[in-house]
Amino acid sequence: MAQKYDLSIDMHADFGTDASDPQNTVVELIAEKTIERGYEGRVSLGHVTTLGSIDPEVAEPIFEKLAKAQVTIVPLPATDMFMNGQAERKNKPRGMAPVKAMLEKGVNVAYSSNNIRNAFTPFGDANLVTVGYLLQVSQQMGSAKERSQVVEMATTSPAKTLELTDTHGIEVGKHADLNIFDSHTIRDFINDQSKLRYVMKKGEILVKNEYYTELNALLEDE
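Computed from a predicted structure; not experimentally measured.

Colleague: Give me the packing of aromatic side chains: which residues, what numbers.
Modeller: Summed over all chains, the structure comprises two aromatic pairs. Ring geometry for F82 versus F123: centroids 5.4 Å apart, planes at 90°, classification edge-to-face. Placement of F82 in helix α3 (residues 77-83) and of F123 in the loop between α4 (99-104) and α5 (128-138) is noted, with a sequence separation of 41 residues between them. Taking 4.8 Å as the distance between ring centres and 75° as the angle between the ring planes, the aromatic pair formed by F181 and F189 counts as edge-to-face. Assessed through its relative accessible area of 15%, F189 is described here as buried.

In structure tokens:
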């Protein structure tokens, strides 16, 4: 149907931690079908948490197929970690796709918030800065390069899978759709939990937030 109407595809797949369960291991088949049908770059998959439970030597060729098929993987950290492993009594798994391993193989990885304050994820406010912090901690992405990659996973990577590369970005001729935050460096943007200052759409300011801080000096005893 997607091919008939020339539409991209987004699916949730492989949600679980049991790699022996066939229903949890369809990502490789999806990648193969994507290439077979010539739909490279037009498929995205959410969750795929079972990939985190597969032996690295088995998972590596799957990552290579995902990269070749240009399938975007979208971890949903809050839901993935909350839902997975609840039945385990010890050594509870992180229950997430192996982000770093996939990035190393050239897979396009974005992330999102998924459900908000319902049975699947009983917390959150759709703030991707908060979700990014959760992702970089859970995936042990602590270096300056890795922290910058997390920012890319909320900006350029989703723009790629949403086919917005012609309009996304800070370049002449682009749409100037921007969120402006109070932060000095990309690598510390997530760590700082930076405040949102402006929301712009096609160069027009839609939202402006002002933050006020007052520091009162302690009075010295006379």
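Colleague: Please provide a residue-by-residue account of the sheet that holds strand β6 (residues 204-208), values included.
Modeller: The antiparallel open sheet is built from three strands, whose spatial order is β4-β5-β6. Bordering the open sheet on either side are β4 (178-181) and β6, each of which pairs with just one other strand. Strand-to-strand twist in this sheet, taken as the mean axis angle between neighbours without regard to direction, amounts to 25°. Direction of pairing for β4 relative to strand β5 (residues 196-201): antiparallel, over a ladder of four bridges.

Colleague: Give me the sheet that holds strand β1 (residues 9-13): which residues, what numbers.
Modeller: Across a sheet, paired strands are connected by hydrogen bonds in the backbone, their directions being either parallel or antiparallel. Ordered in space as β1-β2-β3, the three strands form an open sheet in which the pairing is parallel. With one partner strand each, in any of the chains shown, β1 and β3 (72-74) form the two edges of the open sheet. Across this sheet, the average inter-strand angle for adjacent strands is 25°, counted without regard to direction. Taken together, the three bridges between strand β2 (residues 43-47) and β3 define a ladder with parallel strand orientation. The partner of G46 across the bridge, within β3, is V74. Along the sheet face, helix α1 (residues 27-36) touches β1 and β2 and points at about 170° away from the line of β2.

Definitions and limits used
- Residues numbered from 1 in each chain as written.
- Predicted model: local features only at pLDDT ≥ 70, side-chain atom pairs only at ≥ 80, totals over all residues.
- Heavy atoms only, no water.
- Phe/Tyr/Trp six-rings, centres within 6.5 Å; stacked < 30°, edge-to-face > 60°.
- Helix = DSSP H or I, 4+ residues; strand = E, 2+ residues; numbered from the N terminus.
- Buried < 20%, exposed > 50% of the residue type's maximum accessible area, 1.4 Å probe, protein only.
- Pairing = 2+ DSSP bridges.
- Axes fitted to C-alpha atoms, helices over the stretch in contact; angles between N-to-C directions.
- Contact = heavy atoms within 4.5 Å.

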